[in-house]
Amino acid sequence: AQPAGYREIVRIREDGKVEISEDGQPFTPAQARIPIRPPGLAPGLEVVLSTSQGAAPLRINARALVTETTAPVYYTLGTDDRGLYHNALVAWEIYGPEEADYRVLAPPGLKPRVQTAGGKREAILELSLNRPGTYRLRAATVDLAGRSTVRWMPIIVTR
């Protein structure tokens, strides 16, 4: 049975090519395409760090203030230990101090710290960096229309 009720259906064929069906008419584009998104603004994202430099071990509290614009913001890390999905609002990653160093910063039990106050939504991260060097903290959010916003925050850890 063909899926119904979708604007388009995208399939990856066995030969690796992409096939798109619109109104039951399949076609294979000659090159990659930018996905069609509804008009609107990407979500707002402001990141505030308790500190951005200091001696190891450096403890940092990061707060990401998320502003929904045209569509709701939703980001999930997957299910927690009870099988429930939580809206983390923000994906946190840390790069450094070496070029190959990278970590996804998932909260304990995949239960993000998110709070809402006065119409503002906020994701909270607690982070400890033990190795000296230069790091880059990445915060990203996305709305349900696929519009994303990313912020990079430099962090310097000394001995």
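No experiment lies behind these values; they were computed from the predicted model shown.

Criteria and cut-off values
Residues numbered from 1 in each chain as written. Predicted model: local features only at pLDDT ≥ 70, side-chain atom pairs only at ≥ 80, totals over all residues. Heavy atoms only, no water. Buried < 20%, exposed > 50% of the residue type's maximum accessible area, 1.4 Å probe, protein only. Helix = DSSP H or I, 4+ residues; strand = E, 2+ residues; numbered from the N terminus. Pairing = 2+ DSSP bridges.

(A) Expanded view of the pairing of strand E7 (residues 91–95). Most of E7 is tucked away: 4 of the 5 residues are buried. Pairing between E7 and strand E8 (residues 102–104): 3 bridges, direction antiparallel. The residue of E8 that forms the bridge with Ile94 is Arg103.

(B) Geometry of unusual backbone geometry. Note that the residue after Ala56, namely Pro57, is joined by a cis bond; omega there is -5°. Turning to its location among the elements, Pro57 is positioned in the loop between strand E5 (53–55) and strand E6 (58–67). At the junction of Gly96 and Pro97, the peptide bond is cis and its omega measures out at 10° in the coordinates. Tracing the chain through its elements places Pro97 in the loop between E7 and E8. Its identity is not glycine, yet Asp23 carries a phi of approximately 55°, on the positive side. Secondary-structure assignment places Asp23 in the loop between strand E2 (18–22) and strand E3 (25–27). Using a relative accessible area of 77% as the deciding quantity, one classes Asp23 as exposed. Phi at Leu110 takes a positive value of approximately 55°, unusual for a residue other than glycine. By secondary structure assignment, the location of Leu110 is in the loop between E8 and strand E9 (113–117). On the accessibility criterion, Leu110 (25% relative accessible area) is partly exposed.

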